[in-house]
Amino acid sequence: RTQGLEATSVAAIAKMADVAAGTFYLYFSSKEDLLIEVFRDDVERIWRDAFGLLRASDPVADQLLGIFERATAVHDQDPELSAVYFREIHFVSDPVRETVMSLSATIMERLEKVVNRAVARGELSDRAEVPVLVRMFFELWFCSMLIHYGHREPAEQTLENLARPLRSTLALLTPG
């Protein structure tokens, strides 16, 4: 949190944990691996809770924005650690990247279900490229989080900046 991942050594992490540096490597392959493991359970819980509060009867834009708003709010409970996570996740090694991609894929699958339900009930055109839309919305949220933590932009502004392109895109896909 205070020095950033790059400036923090495995020796310093091991010392804080009151274990030998070799013990660290029994459990983690790298500092990035530790970072992802610290966040894995949190990320799974954050998104599970965000989807759990979903009201399927709401318009799809409200559902998606609600999901992103709840995920943002939980990350904001520990903004220093979340800032490290969002900043460092781009620079992880290939083995750790697989874990990150798996977590992201699970989130996007759940987002696709939300959008597919909107297509099924006629709220969105059946010509909508759902996987492309979901990936775009998720990446837009992720970039918004980088700005939120990198520039200390208030969460309300971050979510407002996310809402405009999301609502505009979905409006273009509304039948009639």
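Residues numbered from 1 in each chain as written. Predicted model: local features only at pLDDT ≥ 70, side-chain atom pairs only at ≥ 80, totals over all residues. Heavy atoms only, no water.

Q: Whenever I open this one, the pattern of salt bridges confuses me. Can you help?
A: A pair can form between side chains of opposite charge whenever their charged atoms are brought close. Scanning the entire structure with this criterion turns up six salt bridges. Residue D42 is joined to R45 by a salt bridge in which the shortest nitrogen-to-oxygen separation is 3.5 Å. In this pair, D42 and R45 both sit in helix α3 (residues 31-52), three residues apart, roughly one turn of the helix. By relative accessible area, which is 28% here, D42 ends up partly exposed. Between R167 and D62 there is a salt bridge, and its shortest N-O distance comes to 2.8 Å. Of the two residues, R167 is situated in helix α8 (residues 155-172) and D62 in helix α4 (residues 60-75); the sequence distance between them amounts to 105 residues. Under the relative-accessibility criterion, D62 is labelled partly exposed at 33%. (Salt bridge = Lys/Arg side-chain N within 4 Å of Asp/Glu carboxyl O. Helix = DSSP H or I, 4+ residues; strand = E, 2+ residues; numbered from the N terminus. Buried < 20%, exposed > 50% of the residue type's maximum accessible area, 1.4 Å probe, protein only.)

Q: Before we go on, may I ask you to explain a positive patch on the surface in this structure?
A: Side chains of R48, R110, K113 and R117 sit close together on the surface and give a patch of like positive charge. The biggest single contributor to the positive patch is helix α6 (residues 94-120), with three residues. Tracing the backbone shows R110 in helix α6. Look at R110 and you get partly exposed, because its relative accessible area is 33%. (Patch = residues over 30% accessible without salt bridge, like charges linked within 9 Å, V, L, I, M, F, W, Y side chains within 5 Å. Areas by Shrake-Rupley, 256 points an atom, 1.4 Å probe, with all protein chains shown as cover. Lys, Arg positive; Asp, Glu negative; His and termini not counted. Charge placed at Lys NZ, Arg CZ, Asp CG, Glu CD.)

Q: Could you clarify how one ought to interpret the side chain of S82 in this entry?
A: Structurally, S82 is set in helix α5 (residues 79-88). Look past the residues within four positions of S82 in its chain and what remains in contact with it is F39, H75 and Y149. (Contact = heavy atoms within 4.5 Å.)

Q: It is not clear to me how α6 should be interpreted in this structure. Could you clarify?
A: Spacing of three or four residues puts side chains on the same side of an α-helix, whose turn is 3.6 residues. Given a rise of 1.5 Å per residue, 27 residues ought to cover 39 Å, and the 37 Å separating the end C-alpha atoms of α6 matches this to within 8%. For α6, the complete set of buried residues consists of V96, T99, V100, L103, S104, I107, M108, L111, V114, V115, A118 and V119. The secondary structure elements touched by the buried residues of α6 are α3, α4 and α7 (130-150). (Expected span 1.5 Å × (residues − 1).)

Q: Help me understand the packing of α5 against α7, please; the structure alone is not making it clear to me.
A: The relative placement of two packed helices is expressed as an angle between their axes plus a distance between the axes. Contact geometry for α5 and α7: axes closest at 9 Å, N-to-C directions at 125°. Accordingly, the angle class assigned to the pair α5 and α7 is oblique. Here α5 and α7 pass one another in a crossing that is left-handed. On the side of α5, the interface is formed by P79, S82, A83, F86 and R87, while α7 contributes W141, F142, M145, L146 and Y149. Of the residues contributing to the contact of α5 with α7, the split by class is eight nonpolar, one polar and one charged. (Axes fitted to C-alpha atoms, helices over the stretch in contact; angles between N-to-C directions. Parallel < 35°, antiparallel > 145°, perpendicular 65-115°, else oblique. Left-handed = near helix turned anticlockwise from the far one by under 90°. Nonpolar A, V, L, I, M, F, W, Y, C, P; charged D, E, K, R; others polar.)

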